[in-house]
Amino acid sequence: MFIGNALLGLVGYGQEDTLEDSSKAAEDSKSDRLCGGALVTPPEGMSLLLHGRITGGVGKDMMVLTQWDSRSTLLRMVTADQGPDDPNPGILLETPECFPIAFLCCKDAAVRNFKLFKPDHSEFAVMTSEPGSSRVTVNREDGTVMAFVCVDMMGHVANVVGRQGELLATVSPQRKGNGGSESEDVRVLRLAPAVDAGVIVCALLVVMKLGIGHI
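Once that is clear, we can look at the overall build of the protein chain. The secondary structure content of the protein chain amounts to two helices and twelve strands. Counting from the amino terminus, helix and strand elements in the protein chain follow one another as α-β-β-β-β-β-β-β-β-β-β-β-β-α. Per-residue burial over the protein chain gives 48% buried out of 215 residues. Total accessible area on the protein chain is roughly 10,500 Å²; 51% of this is exposed by carbon and sulfur atoms.

What follows is the structure in structure tokens.
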């Protein structure tokens, strides 16, 4: 379990990444990041909270990623699907100051295909899922597998694993108090060190848009 509660370093588009990487491996993979400022730097990983829900329907939804203790916002996810005539429906990932970090294009959601773009409009990743599957595959633009999101049989918990099976993140409902009821609108996101939180969040958004389980 990843229980670190240190700050997640976030920078807006056009700003410099002022945080030092937690490992040489993280530094070597810098060019592979969606957002350098969304790298999990604490060596023990960290736990955050996802508030809200992104649905598969038409309309505007918003989710926020917050720190565990202070509940201050780290990321915002805003969707603006305007129906079949919208030429580019999707979800915008941004900082609290509204600096764009990424755009998840949902125009091919009907065929379970989502493209992830950087703020400079370059394609970063493609996320897909087979019909009836409880798994989402995250591939780089060149086809290299980055990660898999696997939802459990009950549909409430998901693991994000790397291409070699290493655990990158887990997401589960937050429980109110000790042994209390689950909150459908708040989820605990536990992240391993050196993980790109932006990519993980976007992969979970795809799970929600596809209606896989009850994540």
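From this point, the narrative continues.
Here we come to the pairing of strand β10 (residues 158-162). By the criterion of burial, β10 is predominantly enclosed, with four of the five residues buried. What sits between strand β9 (residues 145-151) and β10 in their antiparallel hairpin is a turn of six residues, with G155 showing a positive phi close to 85 degrees. Direction of pairing for β10 relative to strand β11 (residues 167-175): antiparallel, over a ladder of four bridges. Bridge pairing links V160 to A169 in β11. Connecting β10 to the antiparallel partner β11 that follows it, the hairpin turn spans four residues, and G165 within it adopts a positive phi of roughly 90 degrees.

Our focus in this paragraph is the pattern of salt bridges. Between side chains of opposite charge, a pair can form when the charged atoms approach closely. Taken as a whole and assessed by the stated rule, the structure comprises two salt bridges. A salt bridge links R76 to E94; its shortest N-O distance comes to 2.6 Å. Here the residue R76 occupies a position in strand β3 (residues 73-81), and E94 occupies one in strand β4 (residues 90-94), the gap between them amounting to 18 residues. Judged by relative accessible area, E94 falls into the buried class, the value being 6%.

Of all hydrophobic cores here, the largest spans 52 residues; its most connected members are M77, L93, L116, M127, L189, L191 and I200. Of the residues forming this core, the biggest block, twelve residues, is contributed by helix α2 (residues 197-210). Residue contacts for L189: discarding those within four places in its chain leaves M46, S47, L48, L65, A169, T170, V171, I200, V201 and L204.

With that out of the way, let us pick up the packing of aromatic side chains. The tally for this structure, following the rule as stated, stands at zero aromatic pairs. Sitting over the face of the ring of F124, R140 holds its NZ or CZ atom 4.8 Å from the ring centroid.

Let us look at unusual backbone geometry. For H121, which is not a glycine, the phi torsion comes out positive at approximately 75 degrees. In this structure, H121 sits in the loop between β6 (113-117) and β7 (123-128). Residue H121 is classed as exposed on the basis of its relative accessible area of 67%. Positive phi values are uncommon outside glycine, yet A194 reaches one of about 70 degrees. Residue placement: A194 occurs in the loop between β12 (182-191) and α2.

Moving on, we get to α2. Between the first and last C-alpha of α2 there are 20 Å, a value that for 14 residues agrees with the 20 Å anticipated at 1.5 Å per step. A large share of α2 lies buried, amounting to 14 of its 14 residues. Regarding α2, its N-cap is D196, as a side-chain oxygen of that residue lies 3.0 Å from the backbone nitrogen of G198 further along.

Quick look at the environment of R33 now. Structurally, the position occupied by R33 is in the loop between α1 (24-28) and β1 (46-52). Note on R33: relative accessible area 5%, which makes it buried. In this structure, the C-alpha to C-alpha distance between R33 and F124, residues 91 residues apart in sequence, is 8.9 Å.

Once that is clear, we can look at the environment of I54. Tracing the chain through its elements places I54 in the loop between β1 and β2 (59-67). For I54 and M77, which are 23 residues apart along the polypeptide, the C-alpha to C-alpha distance reads 8.5 Å. Residue contacts for I54: discarding those within four places in its chain leaves D61, M62, M63, M77, T79, I91, L205, M208 and K209.

Conventions adopted
- Residues numbered from 1 in each chain as written.
- Predicted model: local features only at pLDDT ≥ 70, side-chain atom pairs only at ≥ 80, totals over all residues.
- Heavy atoms only, no water.
- Helix = DSSP H or I, 4+ residues; strand = E, 2+ residues; numbered from the N terminus.
- Buried < 20%, exposed > 50% of the residue type's maximum accessible area, 1.4 Å probe, protein only.
- Areas by Shrake-Rupley, 256 points an atom, 1.4 Å probe, with all protein chains shown as cover.
- Pairing = 2+ DSSP bridges.
- Salt bridge = Lys/Arg side-chain N within 4 Å of Asp/Glu carboxyl O.
- Core = buried A, V, L, I, M, F, W, Y, C linked by side-chain atoms within 4.5 Å.
- Contact = heavy atoms within 4.5 Å.
- Phe/Tyr/Trp six-rings, centres within 6.5 Å; stacked < 30°, edge-to-face > 60°.
- Lys NZ or Arg CZ within 6 Å of the ring centre and 35° of its normal.
- Expected span 1.5 Å × (residues − 1).
- Polar contact = N/O pair within 3.5 Å; in protein donor to acceptor, adjacent residues only side chain to side chain.

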